[in-house]
Structures are given as C-alpha cells and as structure tokens.
Amino acid sequence: LIHFYKRFQMEKWQVYLSVLLLVASIDPNFGTLSKSDKKHKEKGKSSDRGAPLPPGPNPATVFERNLVAEHVKARDIVDHHAAYSKHTKKRNFNTGDVLGYVTPWNNHGYDIAKTFGPKFSLISPVWLQVTVSNNDDFLIGGTHDVDQGWIQEVRKQGARIVPRVLFDRWTGQNYVSLFQDKDKQQALKELLLNTVEQLKVDGIVLEFWSQLGGRARPQVGTIVRDLAQAFNSKKYLFILAIPPPLYQDDIEGMFLGEDFGRLAENVDYFSLMTYDYSSPSRPGPNSPISWMEKCVKLLDPEAKHRNKILMGLNFYGFDYTSQGGGHILGRDLVKKLEKVGGTKWSYITDAGEHYIEFKTDGFKHRIFYPTLYSIQKRLRLAEELGVGVSIWEIGQGLDYFYDLL
C-alpha cells in the first residue's frame, strides 16, 4: 500500500510538470523572452515608478524613473511632473537646434529658460509688435516687456535671444502700401535692425506670413527675402514663423514647398507651426505625428535644408467638453487630474498622442495633452528627418518635459 501511494504521488507530479511545460511552450510571455525583452516589456508600469520625488532638481531622470511610457495614469503625472533631473545642462536631443518661445502671460517660461538654458539653442520672448501710426509711420511696441537682466542670464547658458515680432492691427491697405512703396520697405528694414541693435539681442522671429491668410504670397516672399538679406549682412539671425503646408483632409496650407525653396538660402530658420490640427468643431489630436512628418517632407522633399526647419511641438493641450472646450495648460491639467488620479490615459497609435476622459463639475472632458512618451516620439522623428524643434511655449508645459531635450 505504501509503495502504491508513493508511485501515485510521483505520477501526479509528472502530470503536473508536463502541464507546466505545455503552458510554457504556448504562452509567449512565459519563458520565451530574453532578459532585455522582459525589462522592456515591464518598463513603464505604474508600480515601477516609485514614490513621488520632491519638486525641483533630483538625481534621477524621467528615463531612470520609468516615466517615458505608453501606459499612463492621471496619478503618474500628478505625482511626478514637478521633479526633473538635476543635470539641467545635459542635452539629450543633439541632432538639431531647439527654439523655445516665452510669453509674458505665462511667466514660468522665464524661469524655465534660465534653468534649462543649455538645452536651448534659441529663446524667443514674445515681446514685440510692429504697428502703423496715424501718420502712416511704423512703430515698435512691447519694449516695456524687455528684461535685460534676464537676457544676460539666459545668454550665459548658451542660448541666443530672438524676440518674436508680430505685425499688429495692420489693415489690408497697410500691407498694400508696404508692397508698393520701396521707401516703406526700407523704413521697416531700418526699424527692425535698429530695434535688434538697441535691445542687444541676436535677431528676431518674424510672424508675418499667416496674417494675410495665404494671399499675396509672392509679395510677402519678396519682403521676407529682403529683410532676411539685410539681417544676414549685419550677422543677425532671421527666423520666419510659418504655418503648415497642409491641414486636415489634405487641404493645402498657406506656406508651400515652393515658398520654402525661394527663401531657404536667406532665412536662417523656419519655425513650423505643426500644431492646432484639430478644433472644437472637429475634435481630435493636437498634432498627429504622421501629419507632422508629411508637413516637413512637403516643404523640403529632397532634404536640402532640413536643418533650417524647426518642427513645432505644442506644450499645451485641448480640453474638449460638451460646451466646446478650449486650450489647457500644464498647471491647469494637473489640477483636474488630482480629482481623477486612477483614470488611465488612452493612446492613439496613428496620431502618437494620449487623451484622457472623465466627468467633473457636471461636464464630460476629453483632454489631449502631450506626455513624455508622445514628446519623445516627436523628438525621435525630428532626428530621423534631420530637423530641429520649436516649442510653443515653454511656460505652458510640465517641468519634467525638459529632461527629454
């Protein structure tokens, strides 16, 4: 009887072992992954991310904290967004230039520019406007926002300062006069050059092209080329902010490949506004990654001047509600996420973007906002395309974003 019992126990364990081996041969996640594959597969789980770190500089990067992951919960952002690597001078994006916009109405950007200055090639404070007086003279506005102490601090970090210049409250007749009158063109040129010299900055970013809605492109192109040549002759930087060459449903944009080709020899950089793809009337991703790639290739299909293209990254999001919704900044996003910590973000593979859905204050929200994972994918795309990036704008983002740059 004892012999029979021992034999029965041995046979039972043999059956159990056979079943175990069979499962291992069927389940692709059991016993078939290499050590590196397992590490990659498990990386990014919320349980891997550890306790929240105090805001400000910390020893670990977002990569070491396993935060650059497709699977994200609201709590992950709330807990970790304010902590960044203490190595603020180390660049992780090295293949192109990085332009960061700073606006007076989101003044956290001024601190970001000082803290992470070495990661930026160019900083563009949104300060200046060209207006037309009652006497039809050109004037510069916005100089009251200029902070020379801040300029010097950021310059010490290695970034060049290129304030954005906007044509403010211009009428159609103002543009026609500029196109037809050589004296006005010379006056505009002298005004901009004198402003750069007086403010002791390195050049400008001109936002001019999109203000005419794509009309008079040849005339606008001539003005831009002449300004660029004048800035080149004085060794100042001339950067042109441009709308995308393509919109939703493949609708042709206001700045095309032929425009880029005519201006690429003289313009130092093109700040490409690859964001605001969607709107409340057509909700969706802020900037689908496939669209961004297509825009770059439409401008420079032969990659002759790709290093001059600064592909736009939005550091803001959009909060769609039943009432329509609007743009949302990082600090406001965090406040909303604090109420829904366990909610998971969804990822749209084709767009390369995350969104989150929840109901609060009686409204259903669907928020598209950049994550570490989506930004990293765009930086890798920029490397593949051979372009730099421009960020609108650095006061709107989350502090740990800058570990990626």
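Residues numbered from 1 in each chain as written. Predicted model: local features only at pLDDT ≥ 70, side-chain atom pairs only at ≥ 80, totals over all residues. Heavy atoms only, no water.

K.L.:
Where do I start with the environment of D97 in this structure?
P.N.:
On the secondary structure map, D97 appears in the loop between β2 (83-85) and β3 (98-102). Distance in space between the C-alpha atoms of D97 and I309 is 9.0 Å, their sequence separation being 212 residues. Setting aside residues no more than four positions away along its own chain, D97 makes contact with S121, Y269, L310, G388 and V389. Of the polar contacts made by the side chain of D97, one reaches the side chain of Y269; its length is 2.9 Å. (Helix = DSSP H or I, 4+ residues; strand = E, 2+ residues; numbered from the N terminus. Contact = heavy atoms within 4.5 Å. Polar contact = N/O pair within 3.5 Å; in protein donor to acceptor, adjacent residues only side chain to side chain.)

K.L.:
Looking at this model, I keep getting lost on the side chain of D403. Mind explaining?
P.N.:
For D403, the location among the structural elements is in the segment after β17 (388-392). Salt bridges are absent for the buried D403, whose nearest opposite-charge side chain, R65, sits at 4.7 Å. (Buried < 20%, exposed > 50% of the residue type's maximum accessible area, 1.4 Å probe, protein only. Lys, Arg positive; Asp, Glu negative; His and termini not counted. Salt bridge = Lys/Arg side-chain N within 4 Å of Asp/Glu carboxyl O.)

K.L.:
Before we go on, may I ask you to explain the packing of aromatic side chains in this structure?
P.N.:
Working definition: an aromatic ring pair is given by the centre-to-centre distance plus the angle between the planes. A complete count under the given rule lists 27 aromatic pairs for this structure. Feature note: the residues Y84, F116, F120, F315, Y369, Y400, F401 and Y402 constitute an aromatic cluster, connected by ring pairs. Here the basic side chain of K184 rests over the ring of F138, its NZ or CZ set 5.8 Å away from the ring centre. Its end group placed over the ring of Y355, R366 keeps NZ or CZ at 4.0 Å from the ring centre. (Phe/Tyr/Trp six-rings, centres within 6.5 Å; stacked < 30°, edge-to-face > 60°. Lys NZ or Arg CZ within 6 Å of the ring centre and 35° of its normal.)

K.L.:
Please explain the pattern of salt bridges as it appears in this structure.
P.N.:
Scanning the entire structure with this criterion turns up 16 salt bridges. Among the ionic pairs, D259 bridges to R262, the shortest N-O distance being 2.8 Å. Here D259 and its partner R262 are both found in helix α9 (residues 257-263), 3 residues apart, which amounts to about one turn of the helix. Judged by its relative accessible area of 0%, D259 falls in the buried class. For R380, the salt bridge goes to E383, with nearest N and O atoms at 2.7 Å. Here R380 pairs with E383, and both are found in helix α12 (residues 372-385), just 3 residues apart, close to one helical turn. It is possible to trace a salt-bridge network through shared partners that takes in R217, E258, D259 and R262.

K.L.:
Please explain the pairing of strand β12 (residues 317-320) as it appears in this structure.
P.N.:
Successive side chains on a regular strand alternate, one facing one side of the sheet and the next facing the other. Along β12, one buried face is formed by G317 and D319 and the opposite face, lined by F318 and Y320, is buried too. Relative to strand β13 (residues 326-328), β12 is paired through 3 bridges, and the arrangement is antiparallel. Residue pairing for β13: G317 is matched across the bridge by I328. The hairpin formed by β12 and β13 contains 5 residues between the paired strands, and G324 there has a positive phi angle of roughly 120°. (Pairing = 2+ DSSP bridges.)

K.L.:
Explanation requested: unusual backbone geometry in the structure shown.
P.N.:
Leaving glycine aside, a negative phi is the common case for residues, and trans is the common case for peptide bonds. The step from W392 to E393 runs through a cis peptide bond, and the omega angle for that step is -25°. A positive phi is found at N66, a non-glycine position, where the angle reads about 60°. By the secondary structure assignment, N66 is in the loop between β1 (56-58) and α3 (74-80). On the basis of relative accessible area, N66 is assigned to the buried category, the value being 18%. In this model, A303 sits at a positive phi of 55°, which is unusual for a non-glycine residue. Positionally, A303 belongs in the loop between α10 (289-299) and β11 (309-314).

K.L.:
Where do I start with the sheet that holds strand β15 (residues 353-360) in this structure?
P.N.:
Hydrogen bonds along the backbone pair up the strands of a sheet, which may run parallel or antiparallel. Pairing in this open sheet of 5 strands is antiparallel, and the strands run β13-β12-β16-β15-β14 from one edge to the other. For this open sheet the edge positions go to β13 and β14 (346-348), each flanked by a neighbour on one side alone. Within this sheet the neighbouring strands show an average axis-to-axis angle of 30°, counted without direction. Packing of helix α11 (residues 330-337) onto the sheet brings it into contact with β12, β13, β15 and β16 (363-368), and relative to β13 it is tilted by some 90°. (Axes fitted to C-alpha atoms, helices over the stretch in contact; angles between N-to-C directions.)

K.L.:
I'm lost on the confidence of the model for the protein chain in this one. Help?
P.N.:
Detailed reading of predicted coordinates is not advised where the pLDDT is low. Taken residue by residue, the protein chain gives an average pLDDT of 89. The fraction at 70 or more is 88%. Below pLDDT 50 for its whole length, residues 1-44 participates in 15 contacts with residues either more than four positions away or in separate chains. (pLDDT = per-residue confidence, 0-100.)

K.L.:
I would appreciate a short explanation of α12 in the present structure.
P.N.:
The periodicity of an α-helix, 3.6 residues per turn, causes residues three or four positions apart to be oriented the same way. With 14 residues, α12 should reach 20 Å at 1.5 Å per residue; the first-to-last C-alpha distance of 20 Å fits that figure. Of all the positions in α12, only L372, S374, I375, Q376, R378, L379, L381, A382 and L385 are classed as buried. Contact partners of the buried residues in α12: α10, β11, β15 and β17. Taken from the residues just after α12, G386 is the one with a positive phi, measuring 80°. (Expected span 1.5 Å × (residues − 1).)

K.L.:
In this structure, what is going on with the packing of helix α6 (residues 172-180) against helix α7 (residues 182-199)? I would like to understand it.
P.N.:
Packed helices, taken two at a time, are described by the angle between their axes plus the distance between the axes. One can describe the packing of α6 onto α7 by two numbers: an axis separation of 5 Å at closest approach and a directional angle of 100°. Relative to α7, α6 is oriented roughly perpendicular. Side by side, α6 and α7 meet where S177, L178, F179 and Q180 of the first sit next to K182, K184, Q185 and L188 of the second. (Parallel < 35°, antiparallel > 145°, perpendicular 65-115°, else oblique.)

K.L.:
Can you walk me through the nonpolar core in this structure?
P.N.:
Soluble, globular proteins show a tendency: their nonpolar side chains are buried together. Counting residues in hydrophobic clusters, the biggest one holds 98 residues, and the most contacted among them are F120, I123, F208, L240 and L337. Per-element tally for this core: the top contributor is helix α8 (residues 217-233), with 7 residues. Not counting residues up to four positions away in its chain, the partners in contact with F208 are F167, Y175, L178, F179, V220, I223 and V224. Listed in part, the 16 residues of the second largest apolar core include L99, V205, L237 and Y316. (Core = buried A, V, L, I, M, F, W, Y, C linked by side-chain atoms within 4.5 Å.)

K.L.:
Which parts of the structure should I look at to understand helix α5 (residues 148-156)?
P.N.:
For α5, the set of buried residues is W150, I151 and V154. One side of α5 holds all its buried residues, which, seen down the axis, span an arc of 105°. For α5, the N-terminal capping position is held by D147, with its side-chain oxygen 3.1 Å away from the main-chain nitrogen of G149. One or two residues past the end of α5 sits G158, with phi positive at roughly 110°. (Arc of directions from axis to C-beta.)

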